[in-house]
Amino acid sequence: MKKRILCVPLDPVHDVGIKIIRNELDKHGHKTELLSPDLPMEEIVKHAAFGKYDFIFVSRTLGYGVAELLARFNDYLDAAGVRETSRIVIGGKPITPELAAELGFDKGFGANSTMDEIIAYVEGKAIESTTVGLKREKKNFTDKYSYKFHNKEIESLLSDISDKVISWAKGKTSDGIQRAELRKEIIHSKNEQEKEKIYKKYNAISDPSIVDSNQKRQYIKGVRKVTDEELEQLNLFLTQNHPVAPQKIQHHDKHPLLFKFLGSGCPLLDIIHGKICERWGIDGFLVINPSWEARYEGLLDGYLTHENDGTITSFSNINLLRKSLDPSTLLTVRAHRGLNTPETVMLAGEAGADMVKINLVYGSLGAGTDPERLAVDGIYAIKLAGEHKMPFDIPGNDELSGVPAWKTLAGLLINVMLGIKLSAQPILKPLFCYGPHIVINGQMKNNYIDYNVAKINALRQIVDSPIWPGEPIAFMTQTEERVQAANANSYHAALAASLAVDAITVASTDEAYSRGPICITSRIDTIRAVTDAFRFLGNADFAPTQQAELFTEEIITKITEVLREVNKAENLPQAIYSGCLGNKDDGAYPGKFGKGTIK
């Protein structure tokens, strides 16, 4: 049954919102009448009394004295008998259901109310509220790709390089691999005596400081156990608080998913920040671990907090993060560097993480792990990721070192081919950054668009694979000034959306220059900035100059040259040792952690 509705802008000038609502009501066949915004209250009440309306829709911005004005308006409606026949509804950005009831209205609609909810209320239909809970599905952006190569020479070179390193690694193992296998037994063992025997084997191939931490609770400096009381308080927070009026970041289907880092050192703080970011629409998180984990053989056990950057990679911590975040939120665990890569992937898989981060090249150059050790560990880890159906993302390494883009992208592509051959799902992760090589050689002198576009276009002309610019975008273009940093992220995010990449990672506005813990407000800064950028861009695109095509051709040519050099080496570790994928002139040096430990 169609309703008669009087739309009242009870405001000197603001009537845009109620005009939009009135138009939607008309489209649904209801009979509406819109008053002008400058009528005296007595005239409005007189009009309402004689019109026999089913609903009186009142629009009003709040301010000083408005509560008294609205109360008086309701008194007038009562005196005129309007409330006996009409439902009185108020709407406006600051309105909440509680405030509407307090002011004496039958219903209130605020900034987060949807048109569907308003129509359903008018028509007396039940509609599930969209204001509480995320109510979204988990995204998978790897299944739609074929991993087919378009550049046959590069495909052939990558195939040869991958075959050689897989063959070289066959029959080789490490303490890291053995610990991963022991860790799986520990997780699944139900027998305490049997578990104790497995732990003895694990401790025999772990550093003494890790053993002391796990066995004697003599923790590494800055590490302590999370207390039972803290875990109870976290559970209370999670059960009592749910996302209210959750936001959606993407305005168009081609807009990428948005990821942020977690790794404050405290898993509880990570979770609280994560839950707030979920409400603002964030799609996923990357868990960053402490840098010292890369140097120790073995990982710590239990719910642990750490006073410096990086959240400890324990099964308990990862499991707590995964269970606390919404099931639709994607969780990635960093495993691409250090002496615990296989075990980290094992823990991530067993704890239910969605993705892991692995890069045999970057981890051997920028993170200090011996190339031979990481090749053996990394191949095992990629296989493991495939078995757990966890896609692995491959971060670039030209943001901090001086490695040119084509060497970085060549390294990424080697990992892609290894993933294909080892039955895993790789994700290319080129950087949107103002790295040292770019600064020195001036590829971004005229704009920040052309060279970033060229990286994406070069990879797309080589292989059909998911692309996820990180880590983060806008690296070295943002300052400690919050507005500038938010803007820098939004510009780069809009460029990524224009290129229809699959995902992006953004930093917080205080992340690059943080002099202390990253705060939640700075996390929200960049999420909101990216949301606005996506809305502004919509389904439009950036227009790079002709220089982007020249850069693309140059990058593909030089990637090919790099891969030819790599293929001349006996195997991938030898190519890394010899500097094919980054040398001392680039500021990249082969790592030494774990050197000589391959068995």
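Calculation notes
- Residues numbered from 1 in each chain as written.
- Predicted model: local features only at pLDDT ≥ 70, side-chain atom pairs only at ≥ 80, totals over all residues.
- Heavy atoms only, no water.
- Helix = DSSP H or I, 4+ residues; strand = E, 2+ residues; numbered from the N terminus.
- Buried < 20%, exposed > 50% of the residue type's maximum accessible area, 1.4 Å probe, protein only.
- Contact = heavy atoms within 4.5 Å.
- Lys, Arg positive; Asp, Glu negative; His and termini not counted.
- Charge placed at Lys NZ, Arg CZ, Asp CG, Glu CD.
- Core = buried A, V, L, I, M, F, W, Y, C linked by side-chain atoms within 4.5 Å.
- Pairing = 2+ DSSP bridges.
- Axes fitted to C-alpha atoms, helices over the stretch in contact; angles between N-to-C directions.
- Domains from an automatic or database assignment.
- Phe/Tyr/Trp six-rings, centres within 6.5 Å; stacked < 30°, edge-to-face > 60°.

Further remarks concern the overall build of the protein. In terms of regular secondary structure, the protein is built from 22 helices and 16 strands. Its C-alpha atoms give the protein principal-axis dimensions of roughly 90 × 65 × 45 Å. Counting across all 599 residues of the protein, residues that qualify as buried make up 56%. If you take every contact in the protein between residues at least 6 apart in sequence, the share linking residues at least 24 apart comes to 77%. Mean positive and mean negative side-chain charge positions of the protein (71 and 77 charges, respectively) differ by 2 Å.

A word on the nonpolar core. Ranked by internal contacts, the top residues of the largest apolar core, which has 113 residues, are Ile559 and Leu581. At 10 residues, helix H16 (residues 405-421) tops the list of elements feeding residues into this core. Discounting residues that sit within four places of it in the chain, Leu581 has contacts with Val361, Leu365, Val403, Lys407, Ala410, Gly411, Ile414, Val562, Val566, Leu572, Ala575 and Ile576.

A word on the sheet that holds strand S10 (residues 330-334). A sheet is described by the order of its strands in space; here seven strands give the open sequence S13-S12-S11-S10-S8-S7-S16, paired in parallel fashion. Pairing within the sheet leaves two strands with one partner each, and these edge strands are strand S13 (426-429) and strand S16 (503-505). The mean inter-strand angle of the sheet, taken between neighbouring strand axes irrespective of direction, is 25 degrees. Relative to strand S8 (residues 284-287), strand S7 (residues 257-262) runs parallel, the two sharing four bridges. Its bridge partner being in S8, Lys260 is matched across the sheet by Phe285. Packed onto the sheet, helix H12 (residues 315-324) meets S7, S8 and S10 and runs at close to 160 degrees relative to S10.

Moving on, we come to the environment of Asn487. Checked against the element boundaries, Asn487 lands in helix H19 (residues 482-498). Using a relative accessible area of 30% as the deciding quantity, one classes Asn487 as partly exposed. As a C-alpha pair, Asn487 and Val8 span 479 residues in sequence and 38 Å in three-dimensional space.

Read across the open sheet, the five strands follow the order S2-S1-S3-S4-S5; overall the sheet is parallel. Across the chains shown, the open sheet's two edge strands, defined by having one partner strand only, are strand S2 (31-34) and strand S5 (107-109). In this sheet, neighbouring strand axes are inclined to one another by 20 degrees on average, regardless of whether the strands run parallel or antiparallel.

This paragraph deals with the pairing of strand S1 (residues 4-9). Counting buried positions along S1 yields five of six residues, so the element is predominantly enclosed. As judged from the four bridges shared by S1 and S2, these two strands associate in the parallel manner. When the bridges of S2 are listed, Arg4 appears paired with Lys31. Of the pairings in the sheet, the one linking S1 to strand S3 (residues 55-59) comprises five bridges and is parallel in character. When the bridges of S3 are listed, Ile5 appears paired with Phe55.

By the assigned domains, the protein splits into domain 1 (4-122) and domain 2 (152-170 + 254-585). A straight line from the C-alpha centre of domain 1 to that of domain 2 covers 51 Å.

This part takes up the packing of aromatic side chains. One pass over the structure, following the stated rule, counts eight aromatic pairs. Both rings, one in Trp292 and one in Tyr296, keep their centres 5.8 Å apart while their planes meet at 75 degrees; by these two values the pair is edge-to-face. Looking at Trp292, the relative accessible area reads 11%, which means it is buried. Note on Tyr296: relative accessible area 23%, which makes it partly exposed. Here Tyr434 and Tyr448 contribute two aromatic rings whose centre-to-centre distance is 5.2 Å and whose plane-to-plane angle is 40 degrees, an arrangement assigned as tilted. Of the two residues, Tyr434 sits in the loop between strand S14 (431-433) and helix H17 (436-441) while Tyr448 sits in the loop between H17 and helix H18 (450-462), which places them 14 residues apart along the sequence. Judged by relative accessible area, which is 23%, Tyr434 ranks as partly exposed.

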